[in-house]
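# Observations on the three-dimensional arrangement
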Amino acid sequence: YKVHCGKEITPQMIFEAVEIDKLVYNDFYIGNYDNCVKWWKKNKYIYVMLEDIKTKKIIGYINAMPINNTLYEIIKKGEIIDVTINDENIETYDLPDTYNLYISSVALHPKYHNSGAFKLLYDALILLIIELFKREIYFSSGLCLSSSVWQSVFADWGQACVRCN
C-alpha cells in the first residue's frame with residue numbers, strides 16, 4: 001500500500017474515492033465528485049488516501065477538513081448533510097491558527113476490510129495532523145463520525161466528539 005495526502009492527491013484519485021463511496025454508503029451520503037474536487041482545490045490537505053500499489057487504484061480515504069465557525073454550528077445542530085457543503089465554508093491552512101476539524105468521511109473498499117488497510121489510513125491522518133501541529137495549526141473543536149475510534153482520537157487531542165451522525 002502507499003499513502004497519499006496533500007499535493008500528491010489528484011482529481012483522478014478523488015474520482016476513485018467517490019467510486020468507493022458508491023460501494024459503502026447509501027445514495028444520500030455519496031460524495032459529489034465536482035464538490036469533492038472544489039473542496040480539495042480550496043485545501044489540498046483535506047484528504048488522506050490509500051493506494052493498492054499492485055492495482056494502482058485508491059482503495060480508501062479519509063476526508064478531514066477545517067471548517068469555519070458558521071458551518072461548524074450548522075453541522076453540530078444536524079442541519080446539513082456534509083455532501084452538500086460549499087467550498088466557501090472550508091478553511092485553508094495558510095497561517096498558523098486554530099481551526100474546527102470535521103472528519104466528514106472515511107471509506108474503505110469492501111475488498112480491503114479486515115486487511116489492516118484502515119490502520120494505515122488512520123496512522124497517516126494522525127501523522128498529517130502532527131505535521132500541521134508543527135506548523136502551529138491546531139484544532140479547537142472537532143466533529144466526527146459515529147465511531148469510538150474517532151471519539152478516542154478527539155479525546156486524545158483534548159477535544160470532544162460533539163456530534164456523531
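Above this note sits the structure.
Residues numbered from 1 in each chain as written. Predicted model: local features only at pLDDT ≥ 70, side-chain atom pairs only at ≥ 80, totals over all residues. Heavy atoms only, no water.

What follows is about the overall build of the chain. Of regular secondary structure, the chain possesses 5 helices and 6 strands. Reading the helices (α) and strands (β) of the chain from amino to carboxyl end gives β-α-α-β-β-α-β-α-β-α-β. When contacts within the chain are restricted to residue pairs at least 6 apart in sequence, long-range pairs at least 24 apart make up 68% of them. For the chain, the exposed surface amounts to about 8,500 Å²; the carbon and sulfur share of it is 51%. (Helix = DSSP H or I, 4+ residues; strand = E, 2+ residues; numbered from the N terminus. Contact = heavy atoms within 4.5 Å. Areas by Shrake-Rupley, 256 points an atom, 1.4 Å probe, with all protein chains shown as cover.)

With that settled, the discussion passes to the nonpolar core. Of all hydrophobic cores here, the largest spans 26 residues; its most connected members are Ile14, Trp39, Tyr47, Met49, Met65, Ile67 and Ile85. Of all the secondary-structure elements, those providing two or more residues to this core are helix H1 (11–24), helix H2 (33–42), strand E2 (47–52), strand E3 (57–67), helix H3 (69–76) and strand E4 (97–108). It is H1 that provides the largest number of residues to this core, a total of 5 residues. Ile67 has contacts with Tyr72, Ile75, Asn89, Glu91, Asn100, Tyr102 and Leu143, leaving out every residue within four places of it along the chain. Val48, Leu108, Ala124 and Ile137 belong to the second largest nonpolar core, which has 21 residues in total. (Core = buried A, V, L, I, M, F, W, Y, C linked by side-chain atoms within 4.5 Å. Buried < 20%, exposed > 50% of the residue type's maximum accessible area, 1.4 Å probe, protein only.)

Our next topic: unusual backbone geometry. Note on backbone geometry: most residues besides glycine have negative phi, and most peptide bonds are trans. Even without a glycine there, the phi angle at Lys56 is positive, about 60 degrees. With respect to the helices, strands and loops of the structure, Lys56 is situated in the loop between E2 and E3.

What follows deals with the packing of aromatic side chains. Counting across every chain of the model gives 9 aromatic pairs. For the ring pair Phe15 and Tyr33, a centre distance of 6.0 Å and an interplane angle of 75 degrees mean the geometry is edge-to-face. With Phe15 in helix H1 and Tyr33 in helix H2, this pair connects stretches of sequence that are 18 residues apart. The exposure class assigned to Tyr33 is partly exposed, which follows from its relative accessible area of 29%. A cation sits over an aromatic face here: Arg135 above Tyr45, 5.7 Å from the ring centre. (Phe/Tyr/Trp six-rings, centres within 6.5 Å; stacked < 30°, edge-to-face > 60°. Lys NZ or Arg CZ within 6 Å of the ring centre and 35° of its normal.)

This part covers the environment of Ile129. Take Ile129: it is sitting in helix H4 (residues 117–134). Once the C-alpha coordinates of Ile129 and Tyr45 are considered, the two residues, 84 residues apart in sequence, prove to be 9.8 Å apart.

Counting buried residues in E3 gives 10 out of 11 residues, a clear majority hidden from the surface. Bridge count for E2 against E3 is 6 bridges, and the pairing is antiparallel. By the bridge assignment for E3, Val48 is matched with Ile62. The antiparallel hairpin formed by E2 and E3 contains 4 residues in its connecting segment, where Lys56 sits at a positive phi of about 60 degrees. (Pairing = 2+ DSSP bridges.)

So, about H2. Residues Cys36, Val37, Trp39 and Trp40 constitute the buried set of H2. Seen along its axis, H2 keeps its buried residues to an arc of 160 degrees; they face one direction. On its buried face, H2 is in contact with H1, E2 and E3. With a side-chain oxygen lying 3.0 Å from the backbone nitrogen of Asp34, the N-terminal cap of H2 falls on Asn32. (Arc of directions from axis to C-beta. Polar contact = N/O pair within 3.5 Å; in protein donor to acceptor, adjacent residues only side chain to side chain.)

Bringing the pattern of salt bridges into the picture now. Inspection of the entire model under this criterion finds 3 salt bridges. Across the pair Glu19 and Lys22 runs a salt bridge whose closest N-O atoms are separated by 2.9 Å. With Glu19 and Lys22 both in helix H1, this residue pair falls 3 residues apart, about one helical turn. On the basis of relative accessibility, which here comes to 47%, the residue Lys22 falls in the partly exposed class. When the shortest N-O distance is used, the salt bridge between Lys119 and Asp123 registers 2.6 Å. You can see Lys119 and its partner Asp123 sitting in helix H4, 4 residues apart, about one turn around the helix. Judged by its relative accessible area of 53%, Lys119 falls in the exposed class. Take Asp123: its relative accessible area is 28%, and that puts it in the partly exposed class. (Salt bridge = Lys/Arg side-chain N within 4 Å of Asp/Glu carboxyl O.)

Scope: geometric values only; no functional claims are made or implied.
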